[in-house]
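Geometric and topological summary
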Amino acid sequence: MRHRVDAGMFQQTAHSPSYFELSRRMGDHGGQLIDFCIPCNPYFPTPDMFDFLARNLESVLKFYPSDADTISGQLARVLGLNPATIAMSNGSTELITWMDHLWVRDSIAIPIPTFGRWTDQPMETGKRVDMFPLQEDSGFALDIDAYIRFIRARGSRTAVLCNPNNPDGGYLPRREILRFMDALSDLDLVVIDESFIDFVEAERNPSVAADAAIRPNVVVLKSLGKNFGLHGIRFGYLVANPGLAGKMRRTLPKWNLNSLAESVVFMLAQHGEEYGESLRLLARDRYNMGMQLAQLPELTVFASQANFLLVKLAPGIDGTELRDHLISRHQVFIRECGNKLGMSNQFLRLVVRPEADVARLIDGIREFVQPRWEQESSAQVRPLVVRRIS
Ligand SMILES: Cc1ncc(COP(=O)(O)O)c(C=O)c1O
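Residues numbered from 1 in each chain as written. Predicted model: local features only at pLDDT ≥ 70, side-chain atom pairs only at ≥ 80, totals over all residues. Heavy atoms only, no water.

Comments concerning the nonpolar core
For soluble globular proteins, the rule of thumb is that nonpolar side chains tend to be buried together. The cut-off we apply is this: We call a set of buried residues a nonpolar core when its members are Ala, Val, Leu, Ile, Met, Phe, Trp, Tyr or Cys and they connect through side-chain atoms within 4.5 Å of each other. A 1.4 Å probe rolled over the protein chains alone gives each residue an accessible area, and that area as a share of the maximum for its type sets the label: buried under 20%, exposed over 50%, partly exposed in between. Boundaries between domains were set according to an automatic or database domain assignment. We call two residues contacting when some pair of their heavy atoms lies within 4.5 Å.
Ranked by size, the top nonpolar core spans 87 residues in total, and within it Phe180, Ile192, Phe235, Leu293 and Leu361 carry the most contacts. Taken domain by domain, this core gets at least three of its residues from each of domain 1 (7-45 + 279-316 + 325-378) and domain 2 (64-270). What Ile192 contacts, discounting residues up to four positions off in sequence, is Leu161, Ile177, Phe180, Met181, Val208, Val218, Val219, Val220 and Leu221. Ranked by size, the runner-up nonpolar core spans 22 residues in total, among them Leu95, Val219, Ala240 and Leu252.

Let's talk about the packing of aromatic side chains
For the record, the criterion: Side-chain rings of Phe, Tyr and Trp, where Trp is taken by its six-membered ring, are said to pair if the distance between their centres is within 6.5 Å; with planes under 30 degrees apart they count as stacked, over 60 as edge-to-face, and otherwise as tilted. Only runs of H or I of at least four residues qualify as helices and only runs of E of at least two qualify as strands under DSSP, and these elements are numbered from the N terminus. Only when the NZ of Lys or the CZ of Arg is both within 6 Å of the ring centre and within 35 degrees of the ring normal is a charge said to sit over the ring.
Using the criterion set out here, one finds twelve aromatic pairs in the structure. Between the aromatic rings of Phe140 and Phe347, the centroid separation amounts to 5.7 Å while the plane-to-plane angle is 75°, which identifies the pairing as edge-to-face. Here Phe140, found in the loop between strand 4 (128-133) and helix 7 (144-154), pairs with Phe347, found in strand 13 (residues 347-351); they are 207 residues apart in sequence, far enough to count as distant. An aromatic cluster is defined as three or more aromatic residues linked by ring pairs; in this entry it consists of Phe44, Phe228, Phe235 and Tyr275. Between the NZ or CZ atom of Lys254 and the centre of the ring of Trp255, over which it lies, the distance is 5.8 Å. Directly above the aromatic system of Phe308 lies the positively charged group of Arg349, at a separation of 5.7 Å from the ring centroid.

Overview of the domain arrangement of the protein
For clarity, the threshold we go by: Summed over both partners, the accessible area (1.4 Å probe) lost when two parts come together is defined as the buried area. In the sections that follow, a salt bridge refers to a side-chain nitrogen of Lys or Arg positioned within 4 Å of a carboxyl oxygen of Asp or Glu. N or O atoms within 3.5 Å of each other form a polar contact, as long as, within protein, one can give a hydrogen and the other can take it, and as long as residues adjacent in sequence are counted only when both atoms are side-chain atoms. In the scheme used here, Gly and all other residues not listed as nonpolar or charged are polar, with Ala, Val, Leu, Ile, Met, Phe, Trp, Tyr, Cys and Pro taken as nonpolar and Asp, Glu, Lys and Arg as charged.
Each domain of the protein was delimited in the assignment, giving domain 1 (7-45 + 279-316 + 325-378) and domain 2 (64-270). Relative placement of domain 1 and domain 2: their C-alpha centres are 26 Å apart. Here domain 1 packs against domain 2, burying approximately 2,300 Å² in sum over the two surfaces, 65% of which is carbon and sulfur. Sorting the residues of domain 1 by area buried against domain 2 places Gln305, Phe308 and Leu341 first, and these three jointly supply 25% of that buried surface. The tally of links from domain 1 across to domain 2 stands at two salt bridges. The closest approach of N and O atoms between Glu201 and Arg286, which form a salt bridge, is 3.7 Å. Between the two partners, domain 1 and domain 2, sit ten residue pairs in polar contact (both at pLDDT 80 or more). Here the element with the most residues in the side of domain 1 that touches domain 2 is helix 13 (residues 272-294); it accounts for four residues. Split by residue class, the side of domain 1 that touches domain 2 holds 17 nonpolar, six polar and four charged.

Here's the deal with the pattern of salt bridges
This model, assessed by the stated rule, comprises 19 salt bridges. Of the charged contacts in the structure, one is a salt bridge between Glu124 and Arg117, with a shortest N-O distance of 2.9 Å. Of the residues examined, Arg117 reaches a relative accessible area of 16% and is grouped as buried. The partner of Glu367 in a salt bridge is Arg329, and the shortest N-O contact between them spans 3.5 Å. Taken together, the residues span a long stretch of sequence, with Glu367 in helix 15 (residues 355-376) and Arg329 in helix 14 (residues 319-330) at a distance of 38 residues. Judged by its relative accessible area of 39%, Glu367 is partly exposed. What makes Arg329 partly exposed here is its relative accessible area of 35%. By sharing partners, the salt bridges in this structure join Arg105, Arg157 and Asp188 into a single network.

Structure representation (structure tokens):
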């Protein structure tokens, strides 16, 4: 079945259209949309947790939430953090905005490709953004020493590193991040964006949050929407020494956290086991989905420790046309990366999803790419999976 897709919708911003916008435009068929675009944990919250939230919806929507200190204090208890070292916000993007206003003075370094707000926010406020290009032929892996040399050569005063990175899911071991933080202890600020770190299975305790709390110039950023599967709530937090975290808490707008965020934060303590299980299921799906995609000769799949996989299409296959084909014929929504700095529309970011959804994605990709691929080249070498983390 074919639905009309308004291509202009994808050109309006650096980000993808929301699920709601897309569903509205697709009318009755929006409800069947499978979202491979926005990286969200599909196994959490559990159906029981959603039932609980639904039963309490009326009071959640009718009453004011508690103040941010009460909500972030509970989050700190659940996560085993010192409340003085955290500041909680309405999505981690809110913290990126405020960090830029408060602490980025004139320049900021960031590897690209990456999450768009890390380049757009400081550019919007007139800062110099020093972009360190990650190389496709090394699987977009970040060479820490080369990045440090780049920061020194440019004289950047703030440095950001996303671990794992978006959109490739590349991950650096904790000891490398510590080395990075130590080497840059004289900068105004070092930000380690750990928005996807809960999905890492390469090592047991990958986060450097506790290390940030005892350093003068390091902030670790966390987005709760992705790992708890609740983007709509808009919640995230940072971890830093009490001076930096306190400054951020005092800067954030009063009552910036909503009652739904409060309800979820107070639910979390009883659901640690389900959360752990959701991460195990996701790691299993990531492996299976990567293997299945890698069997398509038209795709190169990059190894990822996040809840998405970056893939590259073979020459001659247009990512924008594939995206439109998947939405209009299969109600499958993917992220084509043509509007990301350091990428092109040959790259797609595909969110890790359960097996049945992946089958629909693969059917749709096959239907689109095979006739083109056969025409384009019979002599192409089969692409390999690169930078695999065993
Ligand atoms: C690396 C990274 N950091 C931060 C964010 C912002 O997340 P949110 O504002 O939803 O918490 C994103 C969103 O995709 C991201 O990819």
